[in-house]
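Okay, here's what each chain looks like letter by letter:
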Amino acid sequence: MTARLATVGVVLLVALTAPIAGVGAVAAAPGDDTREIVYGETVRGAVDSVDAIRDNPTDNGHKGDWYYEPVSFEGNAGDVVNVSLYGPTDTSMVLVGPDGQRLSHNEDGGPGNNSEIVTRLPADGTYTIQVTSHFPEDSYEYLLSLHRLDAEERTSIELGETVVGTVDETNKESEQFHGRYAELSLSAPAGQEIELTHSSAADSALYLVGPNNRVVAQKVAPYAGQDVTLRHVIEQEQPYTVIVASDDYEGEFSYQVSANAVTEAETSNDSATGNDTAANETNDTTESETSGHSEGGGHAPDSPASPSLRVLDSGLDQSATTLGTSVTQTVTVANLGDATGTFDEPVIVDGTETARYNATLAPYEMRTLSVTMTPNRTGQYNVALGDRSGQSLTVVPPANADGNTVKIGNDTYVGVAQNATAGQTVPFEFEMGTADATLQTVSVDAGGSGTLWLEAKRTTNLSGGGPAADGLAVQHGFTLRPSLQTNGTTVDQSIQQGTVTVDVSRATLGETAEANVVLYRYDEDAETWNALPTTRVASTAENVTYRAETDQFSTLALGTVTAAQTGGSLSTNAVSAGDTVTVTATVRNNGSAPVETTVPVTVDGDTVTERTLTVQPGGEQTFTATLSPAAGTHAIGVGDTQIGTLDVAASGTADGENSMTTDEDPTSTTGGDGPGFTAVVALLSVVASLLLGYGRKEA
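Residues numbered from 1 in each chain as written. Predicted model: local features only at pLDDT ≥ 70, side-chain atom pairs only at ≥ 80, totals over all residues. Heavy atoms only, no water.

K.L.:
I'd like a rundown of the overall build of the protein chain, residues and numbers included.
P.N.:
The number of helices and strands found in the protein chain is five helices and 51 strands. Taking all 699 residues of the protein chain together, the buried fraction comes to 49%. Nonlocal contacts in the protein chain, meaning residues at least 24 apart in sequence, comprise 73% of its contacts between residues at least 6 apart. Here the protein chain has roughly 30900 Å² of accessible surface; of this, 44% comes from carbon and sulfur atoms. (Helix = DSSP H or I, 4+ residues; strand = E, 2+ residues; numbered from the N terminus. Buried < 20%, exposed > 50% of the residue type's maximum accessible area, 1.4 Å probe, protein only. Contact = heavy atoms within 4.5 Å. Areas by Shrake-Rupley, 256 points an atom, 1.4 Å probe, with all protein chains shown as cover.)

K.L.:
Describe unusual backbone geometry, with residues and values.
P.N.:
Backbone geometry places Asp350, a non-glycine residue, at a positive phi of 50°. Within the secondary structure, Asp350 is located in the loop between strand 24 (341-349) and strand 25 (352-361). Non-glycine residue Asp604 carries a positive phi angle of around 50°.

K.L.:
So, the environment of Pro427: which residues are in play, and what are the values?
P.N.:
Tracing the chain through its elements places Pro427 in strand 31 (residues 425-433). Among the residues examined, Pro427 registers a relative accessible area of 41% and is labelled partly exposed.

K.L.:
Got a sec to walk through the environment of Asn358? Specific residues and values, please.
P.N.:
With respect to the element layout, Asn358 can be found in strand 25. Taking the C-alpha atoms as reference points, Asn358 and Glu345, 13 residues apart in sequence, are found 6.9 Å from one another.

K.L.:
Describe the side chain of Ser84, naming the residues involved and giving the relevant values.
P.N.:
In this fold, Ser84 is placed in strand 6 (residues 80-86). We classify Ser84 as buried; its relative accessible area is 6%. Residue contacts for Ser84: discarding those within four places in its chain leaves Met93, Ser115, Glu116, Leu143, Leu144 and Ser145.

K.L.:
Please provide a residue-by-residue account of the sheet that holds strand 36 (residues 497-505), values included.
P.N.:
Spatial strand order, 31-32-36-40-39: five strands in an open sheet with antiparallel pairing. The sheet is open, and its two edges are formed by strand 31 and strand 39 (534-539), each paired on a single side. Strand-to-strand, the axes of this sheet are offset by a mean angle of 15°, without reference to chain direction. (Pairing = 2+ DSSP bridges. Axes fitted to C-alpha atoms, helices over the stretch in contact; angles between N-to-C directions.)

K.L.:
Can you explain the pairing of strand 9 (residues 115-120)? Please cite residues and give values.
P.N.:
Here strand 9 lies mainly inside the structure; five of its six residues are buried. Alignment of strand 6 against strand 9, held across six bridges, turns out to be antiparallel. Across the sheet, Ser84 pairs through a bridge with Glu116, a residue of strand 9.

K.L.:
Tell me about the sheet that holds strand 46 (residues 606-615), residues and numbers included.
P.N.:
The mixed open sheet is built from five strands, whose spatial order is 43-49-48-45-46. Where the open sheet ends on each side, the last strands, each with one partner, are strand 43 (574-576) and strand 46. Geometrically, the sheet is characterised by an average inter-axis angle of 20° between neighbouring strands, direction not taken into account. In the sheet, strand 48 (residues 632-638) pairs with strand 49 (residues 641-649) via seven bridges, with the strands oriented antiparallel. Pairing of Thr633 across the sheet is with Asp647, part of strand 49.

Okay, here's the thing in structure tokens:
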């Protein structure tokens, strides 16, 4: 597909006025119980007084009863799992194995108040996550995520990667690193600042060993169960070694380690906010930090509240559809932070933004959002959320015949002719109505061979910027965008001309004469409305049908003109008394229906003769009148147009009676030059007020 498709909005059209359709929360209500979870799922639940009671899950000095919600899942031996708990309190959780024994515990592994367990399951069976709190008798709503990680035996890690593994009895052991550890080789350009993050159910520890085999940076969790983040500026473009360890001499633990390059923007932001994960850091924690929780029961020093939005799932409801049939993209997003956040992400179709999500999420809220789109082109598209990997969508033609149109929204239709040939006139049938008029047919002359498309959209209200519409109740028009697709390339320069047929209700016409109604086309370059050659093709008690010809397509709307336009000329502007002068009168019909009109010839405003003529749409008729005026200066007019000034010199003898004759048969021309005749009349009107005294005889 080409960029031009996106520019004119013909890839996918959002069939709703709002950017988000069908927004709704899927969170459980306070007090709802959550009992099961599966891999890849995030659920919402609540810990409260109706839940089970257990003793203190950790040795923190508090006494009382701890409410907990048991959430079970099925696991297999060797699965490395990540269990993450998010809530507004100091969360805590215990993982219990199929044998009923405590397998792992954490209450500080995640960011802020959150908890995280990364561990390898020892056996097949049902595992239970006990969702609880650091505090006794604590009630709160929470989000719980469970994921099975892809663990692999890795000896290296690259920037942008996450490695999952397990340290067990097969790994090396060292007192320097407080027990068994894993080694990952890492290379990065000299001068690049890197960030390493280690998540584990154990007390996490990271050591970065330089090319000289010396520890150049280290970070050890200051209290039980906390994840660690280490930053360092690479000094030599040689391999470094990342040591993944634990600070509690555990014989086995699973880990999740990520390595990323730090951008200049992140570095600047850290400097401004006082981020303590500065480059080239060592483990200089104080006793108060390593003590874990304060006497009052909180976790380590709190950071400022901030949102943390995460997309949990997204996708289309179908991978193939028919032209004109809607598809829905659904996104489940959670705010895992402790401040309100805004989810603002575009829907990208073949590299172009087509729709956008915008929703506000409270702390620890999860919502499912959706946007409905309707394709108006066949083909294969890539539909993605933001910069994430996309999903393929195949759009096939409708089952109806070529040339028919498909409704793809309340205000949009699309027509398709798949095998158009150069010079072929393709009719597209519509029944696209507004309160003013109904678009019936549009015939397009193809300038080449291929698939001919026509997109028709109702316009917005034109009352403030539409064409002249004296007495006509018109508020809307139609925007027509034809294009020709050949071998996957779409162009619209090949569209040469066409005709447009519109029905107008009698209520819209009001007292306006049918012949005065025409179609106008908006010139987007000149920003003007131009009347089109229009013909009334039918008239009933309910509607009047008009057809217009156009050599370009853009926005069309109904308007009015003065159908009968008069003009004329004098055979001369100066004569002597007794001589004659010929007036040539012209009547042009700029309207859409035949016009019968009586045209007077005037001298100084007085009618001296008149003719009744019937003029066809776009045609004109002429007749002549011969005058023998009295001496003086006279204004000569045809209809309501002054066509010139006539100077009559005295002859030296007494003036006789003025005389005048007209030709017997006026000449008629059909087809004329269309609405442009108005300009000619305006030009001729400079000479238009002469013959008022024609019928008077001077002594």
